[in-house]
Each structure stands twice: as structure tokens, then as C-alpha cells.
Amino acid sequence: MTNRSTVVPRLSWPDVWGRRLDRHGLSAPVRGRPADAVAAMCGAHAQMLSAAEVSIGLRVAGATRNDIRNALWGERSLVKTFGPRGTVHLLPARELPLWTGALGALPPSSNSMPADARLTPDQADEVVAAVAEALADAELTIGELTAAVTARTDSWAADPVVPAFGGMWPRWRQAMHLAAHRGALCFGPNRGRKVTYTSPQRWLPGFQPAPAPDALAGLVRRYLHVYGPATPQQFAQWLSAPRRWATQLFDSLAGELQQVDVAGTVAWVPAGDTAPAPVPPHGVRLLPYFDAYTVGCYPRERLFPGPAAQRALSGGQAGTFPVLLIDGTVSGIWHYRRSGRKLHITVEPLTALTAAERQELDDQARRIGEIPDGEPRLTIGTVTTGGHA
């Protein structure tokens, strides 16, 4: 991969942390509403919706859980769907054409299923078409959707061949995230305790995925703005996409990107976006499970320095522990347990806290309590709860 520029700007790691904190709304809140914060961080991981609510609430001054739920189910400025890595995310509704255009264009991922259990490419296309038809004017539970997909395809769709949570899922579910990536499916409001699915076209009239080349270029620019400087390999890891494909994509956008040198490591930013942050990295933050900053920032050894890698990563995976962030890097872990309105928050720092950091930690605990309307009780001590799967 080449760059036309002969002068490579230099950034320090503190410069990088300062830029990322600023653009994530972690050095100062994002101006706007929950959807603006989600756009700023390129999506909020929402496998645990309560954690997503904290991620967003920390980035929007005064926002509560109710504000975020209203954005999702009331004004529908947020959409719950399958995003990067095929995991559940909240995405801005206004950006769904870009996301589906880009994610729907990703190369097929490797499939570890036995050959006789996999969907063929044609079967996957059949499933997506069946999902789109079934959800065009409905909100269906997973059981109802299974019946609808099977009725529109064949009995092979319902074969229980996918191991999951101690049981077996029907074959068609291998293409569930693909249906979302192609714009045929998103989450609907719960029916009691049951999750439902629907078509995003019901909520976003005229919705359709953006053309793939424009969408992929837009996603690269957004990613590098928020998480850069970054390499094609890091972009590939964030998306769970092939590295060679990501390198080719960056090559195709060479005129829009620029190299920078970060303490001897060459990485990429959008062309012209080489300035340090307006302020140095600062602040104490309590980031929840799978916060976008924790999951999306690389390299891991810089974000999780020294003992943080041992304590806050799980097999190299980020996000499985809520983390204490100090000046942009991980400096501990934390956990909270709710009892009525009380939130019992335990923070385990990996370094001694200064008086100023201890005060900021108290402020963060209060903010964590405000988001779900709880009463925080902060303890400094050892976190005994294991990481999230």
C-alpha cells in the first residue's frame, strides 16, 4: 500500500488517546441526542442493552435510560440490529442505509459448521428473501419467524443443526445476521419477555441499502475518524472481515487516506486529519461491558498496558470486563450489582489513584447511577465477578 505524500506526519500515543477520547464524547459530552452519540462511536454494542444504555448515557449530558429507550422505540432515531462482527448493535436510523450497504458487501465469513449443516449460498439468499417477505408487515418472535421462513423455503431451513446455548437452532439462523446486513431484518419491541423482529422499512419509509462502494468508503472514513490512526488489519478485526480484503479496500481509497507515524508505527487517517486533539488525554471513566471504545481501539497492548492485559482481557478479547479508563488507557476493572434502587459499584484500580482521580471516580459513579435512576454505592476493592462470555 502506497501513499502519494512524501512527508509522514507524526503523532504520539497521548495524541492518539486524546483524539479518540474527544471523538468518542469521553473527554466532553457529544452535542446532541443519543443517536448523535451512537453515530460518533460508530455504533453501540447492545447484546446487553443495559450496557449500551450506559455507553450512550456517558456520552450525552444528562441522558437517562428512558431517553435512550425513547430514541429506540419512540422516536425511532436508533435501530437495534446486527452490526459489526454480526453482533447486536444500536445504530443511528439515519445511517442505516450506509451500514447495510457496507455490511451487506462484506465477503462471506468462514463457516466452522460441518459441511452437511451449512447453508449453501443459494439457500442463504432464499432465507434472506423469505425473511424480508415475512417481516414486511409484521413483528414476529423467533419461533414465528422460523415457521414463516420454513413455509417460504423448504424443510431444510428448520433442520436443528446449529449448536447454541445447550440446544440446537434451525439451519436458517446461520443467515440471520446476513438478513440484517442486507436490510431485511432488525429488532422490534419486545412482546412481553419475547424478542421480536421486523423490517426496517416499516419504520424508515423508502429505506434501502446504499450502493456498496459508497457505503464501504463512508464506513472506512467514519472508522478512521473515530478510531484512527488505524491499519487495514485493525479495521478488518473490528468488522470480522478478511485482512486481505481490508487491505485492498484501503488501497482503493488511497487518494482519500493519509499515513501517519505513531511512535514508529505507520497507520492511516482520513486525508488531512492529522492534528492532535484540542486537549491532552484526561479524565476518569467507567466504561461498561463491550463499550465501543474498549472494543474498537487498537493496538490492544497500548490500550491495555502491563497488568491491564492480564486483568481486563479474556483470551485477548476486549469488552468482557467493564473497565476503569484513566487518560485514555485501561487502568482497572469494575462491576455493579443492583438491589432495588441501590447500585453497588466495586472498582478495582490497578494503580494508586490520586486525590483528583478519586474525586473524578466519585463523579463517574454518580453519573452511572443517574442513567438507570439508581442510587450508587461506590467501593474500592477486588472485583470477584468473572468476565462476560
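Anyway, here's the lowdown on the structure attached to this text. All values reported here derive from a predicted model rather than from experimental measurement.

Here is what the cut-offs are and how they apply
- Residues numbered from 1 in each chain as written.
- Predicted model: local features only at pLDDT ≥ 70, side-chain atom pairs only at ≥ 80, totals over all residues.
- Heavy atoms only, no water.
- Pairing = 2+ DSSP bridges.
- Helix = DSSP H or I, 4+ residues; strand = E, 2+ residues; numbered from the N terminus.
- Axes fitted to C-alpha atoms, helices over the stretch in contact; angles between N-to-C directions.
- Contact = heavy atoms within 4.5 Å.
- Polar contact = N/O pair within 3.5 Å; in protein donor to acceptor, adjacent residues only side chain to side chain.
- Buried < 20%, exposed > 50% of the residue type's maximum accessible area, 1.4 Å probe, protein only.
- Core = buried A, V, L, I, M, F, W, Y, C linked by side-chain atoms within 4.5 Å.
- Salt bridge = Lys/Arg side-chain N within 4 Å of Asp/Glu carboxyl O.
- Parallel < 35°, antiparallel > 145°, perpendicular 65-115°, else oblique.
- Nonpolar A, V, L, I, M, F, W, Y, C, P; charged D, E, K, R; others polar.

## Side note on the sheet that holds strand S16 (residues 375-380)
Strand order in the open sheet formed by 5 strands is S12-S13-S14-S15-S16, with mixed pairing between adjacent strands. A strand with exactly one partner marks an edge of an open sheet, and here the two such strands are strand S12 (284-287) and S16. Along the sheet, successive strands turn relative to each other by an average axial angle of 30°, direction set aside. Bridge analysis of strand S14 (residues 329-339) against strand S15 (residues 342-349) gives 8 bridges, and the strand direction is antiparallel. Each bridged residue has a counterpart across the sheet, and for Ser339 the counterpart in S15 is Lys342. Sheet contacts for helix H15 (residues 355-370): S12, strand S13 (323-326), S14, S15 and S16; angle to S12, the most-contacted strand, approximately 35°.

## Quick notes on the side chain of His45
Turning to its location among the elements, His45 is positioned in strand S2 (residues 44-45). A polar side-chain atom of His45 sits 3.4 Å from the main-chain amide nitrogen of Gln47. Once you skip the residues sitting within four places of it in the chain, His45 turns out to touch Ala52, Arg85, Thr87, Val88, His89 and Phe290.

## Description of helix H1 (residues 13-23)
Extensive coverage of H1 is indicated by the burial of 8 of its 11 residues. Turning to H1, its buried residues are Trp13, Val16, Trp17, Gly18, Arg19, Arg20, Leu21 and Arg23. A positive phi of about 75° marks Gly25, the residue just after H1.

## Digging into the nonpolar core
Counting residues in each nonpolar core, the largest one holds 118 residues, and the members touching the most others are Ile56, Leu185, Phe235 and Trp238. Here the element with the most residues in this core is helix H9 (residues 212-227); it accounts for 9 residues. Sequence-distant contacts of Phe235, that is, excluding residues within four places in its chain, are made with Leu219, Val220, Tyr223, Trp245, Ala246, Leu249 and Phe250.

## Digging into the sheet that holds strand S1 (residues 10-11)
The strand order across the open sheet built from 3 strands is S1-S10-S11, with neighbouring strands paired in mixed fashion. Lying at the two open borders of the sheet, with one neighbouring strand each, are S1 and strand S11 (265-270). Two strands pair when backbone bridges link them, and strand S10 (residues 257-262) and S11 are joined in this way by 6 bridges, in the antiparallel orientation. Looking at the pairing, Val260 lines up with Ala267 of S11.

## Here we look at the pattern of salt bridges
Between side chains of opposite charge, pairing is possible as soon as their charged atoms come close. Using the criterion set out here, one finds 21 salt bridges in the structure. A salt bridge links Arg23 to Asp273, with the shortest nitrogen-to-oxygen separation between them at 2.7 Å. Separated by 250 residues along the polypeptide, Arg23 in helix H1 and Asp273 in the loop between S11 and S12 bring together distant segments of the chain. Residues Arg23 and Asp273 agree in their burial class; the two are buried. Across the pair Glu75 and Arg33 runs a salt bridge, and its minimum N-O distance is 3.2 Å. Of this pair, Glu75 sits in the loop between helix H4 (65-74) and strand S3 (78-82) while Arg33 sits in the loop between H1 and helix H2 (34-40), placing them 42 residues apart in sequence. Here the salt bridges share partners, and the residues they tie into one network are Arg341, Asp373, Glu375 and Arg377.

## Remarks on the packing of helix H5 (residues 96-103) against H9
Axes are the key here: two packed helices are described by the angle between their axes and the distance separating the axes. The N-to-C vectors of H5 and H9 enclose an angle of 105°; their axes lie 8 Å apart at closest approach. Considering their axes alone, H5 and H9 lie roughly perpendicular with respect to each other. Contact with H5, carried on its side by Leu98, Trp99, Gly101 and Ala102, involves Ala212, Ala215, Leu216, Gly218, Leu219 and Arg222 of H9 and no other residues of that element. For the contact of H5 with H9, the class distribution of residues is 7 nonpolar, 2 polar and 1 charged.

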